[in-house]
Amino acid sequence: MRVKQIGGGLVKGLKVTGTHLFRQPVTRPYPEQHAYTPPRFRGAHRLIEDDCVVCHACDRVCPVNCMTIKGYRGEDRKFVLEQFDIDYNLCMFCNLCVEACPPKCLLMGPEFEISAATHNDLVWTLEDLSYERGESL
Ligand code: SF4
Ligand code: SF4
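The name an unreviewed UniProt entry gives the protein is NADH-quinone oxidoreductase subunit I, with Sulfobacillus benefaciens as the organism. Quoted verbatim from the Catalytic activity (unreviewed entry) field of the UniProt record, the comment on the protein reads "a quinone + NADH + 5 H(+)(in) = a quinol + NAD(+) + 4 H(+)(out)". Entered under Subunit (unreviewed entry) in the UniProt record, the comment concerning the protein runs "NDH-1 is composed of 14 different subunits. Subunits NuoA, H, J, K, L, M, N constitute the membrane sector of the complex."

In C-alpha cells:
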C-alpha cells in the first residue's frame with residue numbers, strides 16, 4: 001500500500017515537471033534583458049525644456065520640496081529656463097508635479113536605473129532630465 005502511494009506521488013510529480021519543462025520562462029535574465037515597464041510607469045522625469053514656461057506649478061505642488069527651478073524673462077518677454085533640478089534623494093515618484101504642469105512638458109519616463117554612488121549624483125539637472133536624452137536611452 002505504502003509503495004503504491006509513493007509511486008503514485010512520483011508519477012504525479014514527474015507529470016507536473018513535464019508540463020513545465022518546455023514552457024517559456026516567466027522571468028527575465030535582467031540586466032542582460034531589459035525589464036518590462038508598462039506605458040504609465042513612473043520612472044525618472046523628462047522635461048521638454050522649450051515648452052516650460054517657468055511657472056513653478058510643479059515645484060509648488062511637490063510634497064517633499066525636491067525641485068529647484070530658476071528662470072528669467074528674456075528680451076522677447078518670454079521666460080527662459082535657467083535651472084531645473086530634481087533631487088532623487090527625496091523624490092517619491094508621486095507624479096503630482098507632472099499632473100500640475102499646464103503645458104504638459106514634464107513627464108515621467110520608463111528609466112528606473114537611477115542609483116548613484118553619492119547623494120550629489122542623485123540630483124538631476126536640466127541636462128540629465130532633457131527629453132532628448134531620455135529618448136536616446
Ligand atoms: S514626483 Fe512627486 S516627489 Fe517627485 S518631484 Fe514630482 S511632485 Fe516631487
Ligand atoms: S509646471 Fe511645467 S511649465 Fe511650469 S515650471 Fe514646472 S515644468 Fe515648467
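So much for the structure itself; the text now carries on.
(A) Main features of the site of ligand 1. The environment of ligand 1 is made up of His45, Cys62, Pro63, Val64, Cys66, Met67, Cys91, Met92, Phe93, Cys94, Asn95 and Cys97. A class-by-class count of the residues in the shell around ligand 1 yields ten nonpolar, two polar and no charged.

(B) Fine view of the pattern of salt bridges. The final tally for this structure, using the stated rule, is one salt bridge. Linking Arg46 and Glu111 is a salt bridge whose minimum nitrogen-to-oxygen distance equals 2.3 Å. With a gap of 65 residues between them, Arg46 in strand 1 (residues 45-47) and Glu111 in the loop between strand 4 (106-108) and strand 5 (123-124) connect regions that are remote in the sequence. Note on Arg46: relative accessible area 5%, which makes it buried. The exposure class of Glu111 is buried, given its relative accessible area of 17%.

What counts and how
- Residues numbered from 1 in each chain as written.
- Chains lettered and ligands numbered in written order.
- Predicted model: local features only at pLDDT ≥ 70, side-chain atom pairs only at ≥ 80, totals over all residues.
- Heavy atoms only, no water.
- UniProt positions renumbered as here; feature names shortened; annotations may be inferred.
- Near = heavy atom within 4 Å.
- Nonpolar A, V, L, I, M, F, W, Y, C, P; charged D, E, K, R; others polar.
- Salt bridge = Lys/Arg side-chain N within 4 Å of Asp/Glu carboxyl O.
- Helix = DSSP H or I, 4+ residues; strand = E, 2+ residues; numbered from the N terminus.
- Buried < 20%, exposed > 50% of the residue type's maximum accessible area, 1.4 Å probe, protein only.

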